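# Examining the three-dimensional arrangement
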Amino acid sequence: MILLANFMNAIASILNVVLNLFEILLILAAIFSWFPQIRYNQGVQMVNTIVDKILAPIRKFMPKYSGFDLAFVIAFILIIFIQAFVVASLFDYAAYLKN
């Protein structure tokens, strides 16, 4: 059972890091959108490409309201929910298996 607990703990840790990375990329994309002159920077284009792939499924269902993209807000809410529910549950289950 300890191996399974350590495996669950590792999965939860990796998922948490990936979700934190997504949060950072979302924040960077939002900041970059305020400066249109850097739109053609290769790093900015890479961040925007990754963020657009994350936001594409959300944007299908969420229309823009007066120029404000609600997909960013929905993405943050989903990330926070996944961290609070799924990641925390995986950590708790791993702790339960160790006992």
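Look up a bit, the structure's there.
Read on for an overview of the structure. Note that the structure is predicted; figures quoted are calculated from it, not measured.

### Focus: the packing of helix α1 (residues 2-33) against helix α2 (residues 42-61)
Orientation of α1 relative to α2, taken along the N-to-C sense of each, is 115°, at an axis distance of 9 Å. As for the relative orientation of α1 and α2, their crossing is left-handed in sense. Counting all contacts with α1, which are made through Phe-22, Leu-25, Leu-26, Leu-28, Ala-29 and Phe-32, the residues of α2 involved are Val-44, Val-47, Asn-48, Ile-50, Val-51, Ile-54 and Leu-55. Counted by class, the contact of α1 with α2 contains 12 nonpolar, one polar and no charged residues.

### Some remarks on the packing of aromatic side chains
Summed over the entire model, instances satisfying the criterion amount to two aromatic pairs. Relative to Phe-85, the ring of Phe-81 has its centre 5.5 Å away and its plane inclined at 15°; by these criteria the two rings are stacked. With Phe-81 and Phe-85 both in helix α3 (residues 71-98) and four residues apart, this pair spans about one turn of that helix. Judged by relative accessible area, which is 48%, Phe-81 ranks as partly exposed. According to the relative accessible area criterion, Phe-85 is partly exposed, its value standing at 49%.

Basis of the calculations
- Residues numbered from 1 in each chain as written.
- Predicted model: local features only at pLDDT ≥ 70, side-chain atom pairs only at ≥ 80, totals over all residues.
- Heavy atoms only, no water.
- Axes fitted to C-alpha atoms, helices over the stretch in contact; angles between N-to-C directions.
- Helix = DSSP H or I, 4+ residues; strand = E, 2+ residues; numbered from the N terminus.
- Left-handed = near helix turned anticlockwise from the far one by under 90°.
- Contact = heavy atoms within 4.5 Å.
- Nonpolar A, V, L, I, M, F, W, Y, C, P; charged D, E, K, R; others polar.
- Phe/Tyr/Trp six-rings, centres within 6.5 Å; stacked < 30°, edge-to-face > 60°.
- Buried < 20%, exposed > 50% of the residue type's maximum accessible area, 1.4 Å probe, protein only.

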